[in-house]
Amino acid sequence: MDPFLILGLPERLAVDTGQLEEHFRRLGKEAHPDRGGSAADFERLRFAYEVVKSPAKRIRAMVGEAESRGSVPGEVMDLFGSVAEAMEAVEQFLKERAVARSGLGRAVLDAKIPALRKSLEDLIEKLGDLESGLIDWFPFFDEKGWDACEAEMGEVARGLVFLEKWQAQIREATGKLFEALLGGMS
Amino acid sequence: MNMETMNEVIVGIDLGTTQSAVGVVESGFPILLANEEGSRLTPSAVWYGKSGEVEVGALALRRQGVDHVITSVKSLIGRRFDEVDESEGVVRNGGGLLLESAAGTKSPEEVSAEILKKLKSVAETQLGGEISKAVITVPAYFHDGQRAATKRAGEMAGLEVVRILSEPTAAALSYGLERLDESSKVVVFDLGGGTFDVSVLEMREGVFEVLATAGDTSLGGDDFDEALTLFAADQLGMKWSDLDAMARVTWLSEGRRVKHVLSSAEEATFRVPFVGEISVSQDRFRKLLSDHLGRMESCCRRALLDAQVESGDLDSVLMVGGSSRIPMVRKKVAAIFGKEPDMTLHPDEAIARGAAIQAGILAGTVREVLLLDVTPLSLGIETMGGLMNILIPRNTTIPCKAGEMFTNAVDFQCSMKIQVLQGERELAKDNWELGGFELPFEASGRGQARVGVEFRIDADGILSVLARDVATGKDTVIEVGSSAVDVTEAKVERMVSQSVEFAFEDMNARVFEEARLKANELLPAVKMALSQVGDLLDRSELQEVAEARAKVEKALLGNQSALLKEGVECLDRATESMATLLIEKASRSVFSPQGD
């Protein structure tokens, strides 16, 4: 079912996040099982909220099938190499660290963490900038009408999907670096 | 208070590792109920007599050191034998575990049920009527098995458990109830006797939304007592393994006393009659806790990352749990979040108050509040290659569900085995195995039979599984059976056969090779470490490193494994402080770049 319909919102790509959150809180209060609603209704609502809240999921829900094939924005593709390289560097570091046999051996490896972390931080910033750039197209798409810019929307959607995935991967990698430096979690 | 005028009373219970409490909402405010000793806190201690008599709380605790008293049962509930450290009075029961008592073996659920029965009767005495429903809190980081076992304990005590509530969330409720018109982002740092949780929440317009949670279910004040005690035993020339169960209890309670003293004094004396005494400074205490504090910080950092909240965006950092009284822990928290922690909540009572508020929400007496909690661990299934395929990522708002379609891989395959996991590791085997089930297929050609499976996590954070046959549209509830027994036995068998294999190898050659590998790692590491932090070492430390290094270099030329092993151990010890310096340097540069 259409997530915008579930939330009772107009189908627009440009969404004010603050207003969306407030809207969800209001609906959630009514639909939540703790307040007499049904679990199924709340789950539907939560799912719709998750889709609409994420720019990547939101535009993907709108372009549908067209999203899966076609080109990706050049500026996003350009970062593919740097993301892969940074992730590879973290993987390599974790592998080496896992087989280190001595405290000092591990500590010498840990001395590389600040540089690794810096490269991840820089990437997150770049990805964030790119994401904002792509989201800036949303009002334009709304205004022109989605049918008129199907191809462009598909491209933006694919770009955002990549960006969202990479951001999650980088956050996960950052968490692993912290864990290595501070001591593991069970 | 008159029970007749209320249609339904639900109590809120904090079932803690060291102490428990019960509360209820009265005219809109949460209050805790005092037991017959006049205390709002009941020790989570249970004693069983030979003829089946049971004592709970302060009465049971009084027998400690004389008789066997079960404490900290929370650290065992819902766990498998393999998961817990070997300890006195815990016996294997298939994959699970039982506790020994004078009245025979008891499951952790049964023991917990005794504590809950006691709290139920406290509430019944105070409120003057029968109580049949409760909200029970658990650490946010409890997995499905621990949550389900806690719920079973409630049922054994004659309580319908209407909600399993996460402890930090409960603490946030008790903080936020008086601040419903404010909007804020808060961190709840909850360090109890046996468990640690950290949650990031957003509170707005009466909605308490958990953004992320992280934790460690085997980290708490008990570990600090133990660290202090093991240190003292070592210093006093006692071997921990030589002490019997009763002596250990005495030593550990002295460890706890010293910890309490160190919460306000600069120094404390660890004293054991007929053995000796030793003084423990704050600095020593800090060193003993450093690993634990590191693990805590790791959880805090991850919670912030997951919540996508910068510490600068936080309005308050709330601290609860008995261990938040330790000044060193507070200092650490202030450093991590860049903010002085808010200590206004009662560290031992806030969680029970929060449980009472959630009970009020469910009973309909607290109307303006809604709680949106999350699942702490990712839920997934094991794939072909032994990997974990995540279906519901951690920190998803509950209740929630996820569907997955399964199909038969070969002609006329009539079933498929599915293993359900919880955890964050890539390899299936590194995660907690929730259980498995056999998914039946209609007999048909390859790829023809299709069954959709729905994984649902309810508001208690507990999983249920539903299978829908696509062809017939028939739904079946699937029992996720714990296969812990088979897994455990298979694992043990494997371990045994492996150790037999190794036993036949040439021990000397193996020891030399191991030591050689370690030496080859250490020698270049020493060179690098000296260039980076060598100037921070004093002359005697430098000399110690140089001597150990020479020893290893010399032993590498020979073939005596004992000599090389000894040299490597020597170098390992000599470089400990360099390793610490390197790690501290890296931490500073990652977490406070301006200070480096």
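Bear in mind that the values here come from a model prediction, so they are computed numbers and not experimental data.

Caption draft 1: Quick look at a negative patch on the surface. Together, B:Asp181, B:Glu182, B:Glu310, B:Asp313 and B:Asp315 make up a negatively charged patch on the protein surface. Here B:Glu310 shows up in the loop between α7 (282-307) and β17 (316-320).

Caption draft 2: Just the pattern of salt bridges, in detail. A complete count under the given rule lists 48 salt bridges over all chains for this structure. In this structure, B:Lys401 and A:Glu43 form a salt bridge, with 3.9 Å as the shortest nitrogen-oxygen distance. Of this pair, B:Lys401 sits in strand β21 (residues 400-407) while A:Glu43 sits in helix α3 (residues 39-53), which puts the two residues in different chains. Taking relative accessible area as the criterion, A:Glu43 reaches 3% and is therefore assigned buried. Its salt-bridge partner being B:Asp460, residue B:Lys151 comes within 2.8 Å of it at the nearest N-O pair. Of the two residues, B:Lys151 sits in helix α3 (residues 144-156) while B:Asp460 sits in the loop between β24 (450-457) and β25 (463-469), which places them 309 residues apart along the sequence.

Caption draft 3: Examining the environment of A:His32 more closely. If you trace the backbone, A:His32 turns up in the loop between α2 (17-31) and α3. Look at A:His32 and you get buried, because its relative accessible area is 1%. The residues contacting A:His32, other than those within four sequence positions of it, are A:Gly37, A:Phe42, B:Leu370, B:Leu371, B:Leu372, B:Ile398 and B:Pro399. A distance of 2.9 Å separates a polar side-chain atom of A:His32 from the backbone nitrogen of A:Asp34.

Caption draft 4: Just unusual backbone geometry, in detail. All names here are of chain B. The step from isoleucine 398 to proline 399 runs through a cis peptide bond, and the omega angle for that step is 0 degrees. Structurally, the position occupied by proline 399 is in the loop between β20 (388-392) and β21. The backbone phi angle of serine 27 is positive, close to 40 degrees, even though this residue is not glycine. Counting through the fold element by element, serine 27 comes out in the loop between β2 (19-26) and β3 (29-32). Of the residues examined, serine 27 reaches a relative accessible area of 69% and is grouped as exposed. Backbone geometry places asparagine 395, a non-glycine residue, at a positive phi of 65 degrees. Structurally, asparagine 395 can be placed in the loop between β20 and β21.

Caption draft 5: Representation of the domain arrangement of chain A within the structure. All names here are of chain A. Each assigned domain of chain A is listed here: domain 1 (3-53) and domain 2 (74-181). Facing the four residues of domain 1 at the interface are six residues of domain 2. For the pair domain 1 and domain 2, the summed buried surface comes to about 470 Å²; carbon and sulfur atoms form 72% of the total. At the junction of domain 1 with domain 2, the criterion picks out one salt bridge. Put simply, arginine 12 and aspartate 142 hold a salt bridge, and the shortest N to O gap is 3.7 Å.

Caption draft 6: Main features of the packing of helix α7 (residues 113-135) of chain A against helix α14 (residues 576-591) of chain B. Their axes nearest at 9 Å, the elements α7(A) and α14(B) cross at an angle of 20 degrees. Judged by the inter-axis angle, α7(A) sits roughly parallel to α14(B). The hand of the α7(A)/α14(B) crossing is right-handed. Residues A:Ile113, A:Pro114 and A:Arg117 of α7(A) form the contact with α14(B), whose participating residues are B:Ala586, B:Ser589 and B:Val590. Here the contact of α7(A) with α14(B) is built from residues that sort into four nonpolar, one polar and one charged.

Caption draft 7: Inspection of the side chain of B:Asp373 at higher detail. Residues and elements named next belong to chain B. By the secondary structure assignment, aspartate 373 is in the loop between β18 (370-372) and β19 (379-382). An unpaired buried charge is present at aspartate 373: no salt bridge exists, and arginine 147, the closest side chain of opposite charge, is 6.5 Å distant. There is a polar contact of 2.9 Å between the side chain of aspartate 373 and the side chain of threonine 169. Apart from residues lying up to four places away in sequence, aspartate 373 is in contact with Ser166, Thr169, Val210, Thr396, Thr397 and Ile398.

Caption draft 8: Expanded view of the sheet that holds β17(B). As summarised here, the arrangement of the five strands in space is β17-β12-β13-β14-β18 (chain B), forming an open sheet in which the pairing is mixed. Looking at which strands have only one partner, the edges of the open sheet turn out to be β17 and β18 of chain B. For this sheet, the mean angle separating the axes of adjacent strands, direction not counted, is 25 degrees. Bridge count for strand β12 (residues 184-191) of chain B against strand β13 (residues 196-204) of chain B is eight bridges, and the pairing is antiparallel. Following the sheet pairing, B:Leu191 is matched in β13(B) by B:Phe196. Sheet contacts for α2(A): β13, β14 (207-216) and β18 of chain B; angle to β18(B), the most-contacted strand, approximately 110 degrees. With respect to the sheet, helix α4 (residues 167-176) of chain B is in contact with β12, β13, β14, β17 and β18 of chain B, its orientation differing from that of β13(B) by roughly 40 degrees.

Caption draft 9: Structural view of the interface of chain B and chain A. Taken together, the contacts link 56 residues of chain B with 41 residues of chain A. Summed over both partners, the interface of chain B with chain A buries about 4,300 Å², with 59% contributed by carbon and sulfur atoms. Where chain B touches chain A, the interface holds seven salt bridges. Notably, a salt bridge pairs A:Glu179 with B:Arg425, separated by 2.9 Å at the nearest N-O pair. For the pair chain B and chain A, the interface holds 13 residue pairs in polar contact (both at pLDDT 80 or more). Listing elements by their share of the side of chain B that touches chain A, those giving two or more residues are β14, α7, α9 (350-363), β18, β21, α11 (507-533) and α14 of chain B. Ranked by residues supplied to the side of chain B that touches chain A, first place goes to α11(B) with 10 residues. Class assignment of the residues belonging to the side of chain B that touches chain A gives a composition of 25 nonpolar, 12 polar and 19 charged.

Caption draft 10: Spatial organisation of the sheet that holds strand β26 (residues 475-478) of chain B. The strand order across the open sheet formed by four strands is β21-β24-β25-β26 (chain B), and the pairing between neighbours is antiparallel. If you trace the sheet from one side to the other, it starts and ends with β21 and β26 of chain B, each paired once. The sheet shows a mean angle of 25 degrees between the axes of neighbouring strands, direction not considered. Taken together, the eight bridges between β21(B) and β24(B) define a ladder with antiparallel strand orientation. Pairing of B:Lys401 across the sheet is with B:Arg456, part of β24(B). Relative to β21(B), α3(A) is tilted by about 85 degrees, and along the sheet it contacts β21 and β24 of chain B.

Caption draft 11: Main features of the pairing of β26(B). All names here are of chain B. In this structure, β25 lies alongside β26, joined through four bridges in antiparallel fashion. Paired with leucine 466 across the strands is valine 477, a residue of β26. As consecutive antiparallel partners, β25 and β26 are separated by five residues, and within that stretch glycine 473 has a phi angle of approximately 75 degrees, a positive value.

Thresholds, definitions, all that
Residues numbered from 1 in each chain as written. Chains lettered and ligands numbered in written order. Predicted model: local features only at pLDDT ≥ 70, side-chain atom pairs only at ≥ 80, totals over all residues. Heavy atoms only, no water. Patch = residues over 30% accessible without salt bridge, like charges linked within 9 Å, V, L, I, M, F, W, Y side chains within 5 Å. Areas by Shrake-Rupley, 256 points an atom, 1.4 Å probe, with all protein chains shown as cover. Salt bridge = Lys/Arg side-chain N within 4 Å of Asp/Glu carboxyl O. Lys, Arg positive; Asp, Glu negative; His and termini not counted. Charge placed at Lys NZ, Arg CZ, Asp CG, Glu CD. Helix = DSSP H or I, 4+ residues; strand = E, 2+ residues; numbered from the N terminus. Buried < 20%, exposed > 50% of the residue type's maximum accessible area, 1.4 Å probe, protein only. Contact = heavy atoms within 4.5 Å. Polar contact = N/O pair within 3.5 Å; in protein donor to acceptor, adjacent residues only side chain to side chain. Domains from an automatic or database assignment. Buried area = accessible area lost by both parts, 1.4 Å probe. Axes fitted to C-alpha atoms, helices over the stretch in contact; angles between N-to-C directions. Parallel < 35°, antiparallel > 145°, perpendicular 65-115°, else oblique. Left-handed = near helix turned anticlockwise from the far one by under 90°. Nonpolar A, V, L, I, M, F, W, Y, C, P; charged D, E, K, R; others polar. Pairing = 2+ DSSP bridges.

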